Each structure stands twice: as structure tokens, then as C-alpha cells.
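Each chain is listed here by its residues.
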Amino acid sequence: MFKLIDLIKNPRLNRNICTSGRLWSEELFAHRDSKENNPNTPFDFSQANLRRLTAIIQNYPEGAQRSALGAAMDIVQRQIGWIPISAMHKVADILSIPRMRVYEWATFYTMNKRRFRGKFNVKVCITTPCMLRGSDIILAAAEAATRCRVGGLSSDKMFGVDVVQCQGACVNAPVLVVDDDYYEDVTVCDVNEIIQTLRNGGIPPWGPRSGRTSCEPITGQTTLCEYPPQPGYGLQPSLCGRCN
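A brief structural summary. This structure is a prediction, so every number in the text was calculated from the model and none was measured.

The rules we used
Residues numbered from 1 in each chain as written. Predicted model: local features only at pLDDT ≥ 70, side-chain atom pairs only at ≥ 80, totals over all residues. Heavy atoms only, no water. Buried < 20%, exposed > 50% of the residue type's maximum accessible area, 1.4 Å probe, protein only. Helix = DSSP H or I, 4+ residues; strand = E, 2+ residues; numbered from the N terminus. Pairing = 2+ DSSP bridges. Axes fitted to C-alpha atoms, helices over the stretch in contact; angles between N-to-C directions. Parallel < 35°, antiparallel > 145°, perpendicular 65-115°, else oblique. Left-handed = near helix turned anticlockwise from the far one by under 90°. Contact = heavy atoms within 4.5 Å. Nonpolar A, V, L, I, M, F, W, Y, C, P; charged D, E, K, R; others polar. Polar contact = N/O pair within 3.5 Å; in protein donor to acceptor, adjacent residues only side chain to side chain. Salt bridge = Lys/Arg side-chain N within 4 Å of Asp/Glu carboxyl O. Expected span 1.5 Å × (residues − 1). Phe/Tyr/Trp six-rings, centres within 6.5 Å; stacked < 30°, edge-to-face > 60°.

A short note on the pairing of strand S3 (residues 175-178)
- Of the two faces of S3, both are covered, the one formed by Val-175 and Val-177 as well as the one formed by Leu-176 and Val-178.
- In this structure, strand S1 (residues 120-125) lies alongside S3, joined through 3 bridges in antiparallel fashion. Within the sheet, the bridge partner assigned to Val-124 lies in S3 and is Leu-176.
- Examined bridge by bridge, S3 and strand S4 (residues 181-184) share 4 bridges and lie antiparallel to one another. In the strand pairing of S4, Val-177 is matched with Tyr-182.
- Adjacent in sequence and paired antiparallel, S3 and S4 are bridged by 2 residues, among which Asp-179 carries a positive phi angle near 55°.

Some words on the packing of helix H3 (residues 69-80) against helix H4 (residues 85-95)
- One can describe the packing of H3 onto H4 by two numbers: an axis separation of 10 Å at closest approach and a directional angle of 140°. On the basis of their axis angle, the class for H3 and H4 is oblique. Viewed along their axes, H3 and H4 form a crossing whose handedness is right-handed. Only Ala-87, Met-88, Val-91 and Leu-95 of H4 make contact with H3, whose side of the interface consists of Leu-69, Ala-72, Met-73 and Val-76.
- Here the contact of H3 with H4 is built from residues that sort into 8 nonpolar, no polar and no charged.

Let's talk about the side chain of Ser-86
- With respect to the secondary-structure elements, Ser-86 resides in helix H4.
- On the accessibility criterion, Ser-86 (9% relative accessible area) is buried.
- At 2.7 Å, the side chain of Ser-86 forms a polar contact with the backbone oxygen of Thr-41.
- In this structure, Ser-86 is in contact with Asn-38, Pro-39, Thr-41 and Phe-43, ignoring residues within four places of it in sequence.

Structural notes on the sheet that holds strand S5 (residues 207-208)
- The 5 strands lie next to each other as S2-S1-S3-S4-S5, forming an open sheet whose pairing is mixed. Pairing within the sheet leaves two strands with one partner each, and these edge strands are strand S2 (159-164) and S5.
- In this structure, S1 lies alongside S2, joined through 6 bridges in parallel fashion. Note that in S2 the partner of Lys-123 across the bridge is Asp-162.
- Strands in contact with helix H7 (residues 135-146) are S1, S2 and S3; relative to S1, the strand with the most contacts, it is inclined by about 160°.

Focus on the pattern of salt bridges
- A complete count under the given rule lists 9 salt bridges for this structure.
- For Arg-78, the salt bridge is made with Asp-180, and the minimal N-O distance between the two is 2.8 Å. Of this pair, Arg-78 sits in helix H3 while Asp-180 sits in the loop between S3 and S4; the two residues are 102 residues apart in sequence, bridging distant segments of the chain. Both residues of the pair, Arg-78 and Asp-180, count as exposed.
- Salt-bridge contacts for Arg-101 lead to Glu-104; the nearest nitrogen and oxygen are separated by 2.7 Å. Placement of both Arg-101 and Glu-104 in helix H5 (residues 99-108) is noted, with a separation of 3 residues, approximately one turn of the helix.
- Each member of the salt-bridge network shares a partner with another, and the members are Asp-74, Arg-78 and Asp-180.

Description of H7
- For H7, which comprises 12 residues, the first-to-last C-alpha distance of 16 Å matches the rise-based estimate of 16 Å (1.5 Å per residue) to within 8%.
- Along H7, the residues classified as buried are Ser-135, Ile-138, Leu-139, Ala-141, Ala-142, Glu-143, Ala-145 and Thr-146.
- Looking at the buried side of H7, the elements it contacts are S1, helix H6 (128-132), S2, S3 and helix H8 (188-199).
- The first or second residue beyond H7 is Arg-147, which carries a positive phi of 60°.

Comments concerning the packing of aromatic side chains
- As enumerated under the stated definition, the model contains 4 aromatic pairs in all.
- Arranged with centres 5.1 Å apart and planes meeting at 75°, the rings of Phe-43 and Phe-45 form a pair that is edge-to-face. Each member of the pair, Phe-43 as well as Phe-45, carries the same accessibility label: buried.
- Measuring from ring centre to ring centre gives 4.9 Å for Phe-108 and Tyr-109, while their planes differ by 85°; the resulting arrangement is edge-to-face.
- By relative accessible area, Phe-108 is classed as exposed at 62%.
- Residue Tyr-109 is classed as partly exposed on the basis of its relative accessible area of 32%.

These figures capture arrangement, not role.
Rendered as C-alpha cells:
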């Protein structure tokens, strides 16, 4: 039997037992100036969004404006569809915080899109529950329907496809999310219908596509099938006020 010291001294005895694919991303940490995304990229809040952000900042005491950072980044993204580094600098100036604090937020939370991801950002969940329900097939269908690969944009820049981890709707797997709208229990036919409706200018109805109302069991309700008992049910007679 080999000892641990033998494995360390002889690396040929070590075997790679990891078989899952690695997902690399150049977007997690590093920023490289480009023609589209650099400190001089034009950005300014609209008057309506500036008023909205000002109202949010006023919810926090002086010196705690950093608490509005998440809301500020969300407003930027909703205004132009993504968050260029020039917008990060604008947010830092408004909140009176170091730019590094904004960079940290933008690189940590994956919902911050640091490059344009199309008019409609199509996100396919690939976490275990969705994977077990066929997320790989759903992802392939999304790529085919949008005519773009994961991480890319369609030629008309209408769609961008991304993979994401756990959208919080595991019982309704597989899940496809377009911007803020969740489409659950999706099939390949559902994916094609959703993408085609968006391409034609419509908004597909969100929610489960299987006929479920919410997140009840796919086989039907199994609990709470009867009316609940009346107050006092199961109490000992000595604890019942009517017995006094």
C-alpha cells in the first residue's frame, strides 16, 4: 500500500479523478479596455433614473451611501442593458465611494452584465436539478433557436445566451430565464416558441409551461388535500375552555 509521502514524491502515482468539464470565464475579474468599453464610453443617468437613485440614497444615513450600490448598478443595467466601466465610475462618484468598491460588486455578482448581452439575455440553468431534467438539451435548443453559442450574441444582436447556476426554481426544472421572466418546466418546443415570440415582438407568458399553477408536485397535490381541522382539535379536555 502506498503511503502519502510516496504519492507526493512520485507525481506519476497521482491520478486525475475529476471528469467534469471546467467552465472558464474571462469576465470574472479582469477588465481590458476596448472600443466599446473604456473609461470614455458615453454614459449618464437619465433624469428619471437619477431621481430614482437619489430617492434610494436618501434611505440611508450620511456616510452609508454605499448601501445603495446594488440598486445603482441595477438602474444602470436597466437603462442601457449592461454596465460599462464608465458607468461604474459614475456610480462611484455619485455614492462617494472608491471605484474599487464598485469593481468588487460588478465582478462578484454574476447578474451584473459587463458587456452587452443582447436585447434579450437568455439564461439556461445548468445546476444539478435542471441537469437531471435535461438542461443540456434545453441549452442546445436555446443556442439553435437564437442562432448563437453560449457567451456570444446573435448576428442581429437581439439575443445573448448564457449558462447560470441555480435560479431558485429547482422544483420546476428545467428553467430558462429571459431577463426578469422565468419559464419553467420547459421543453425543446417551449424554447422554440419562447424565442420565436420574442423575435416577433411579443412577450411569452411566464411561469410553468407544464400546466402547473406554481411549484406543486408535478404528479399533483399530495398534502393539504382536506380542509384543516377546527381550532381546538386534538386538545386534552382539561385544556379546553369549554370544560371549565
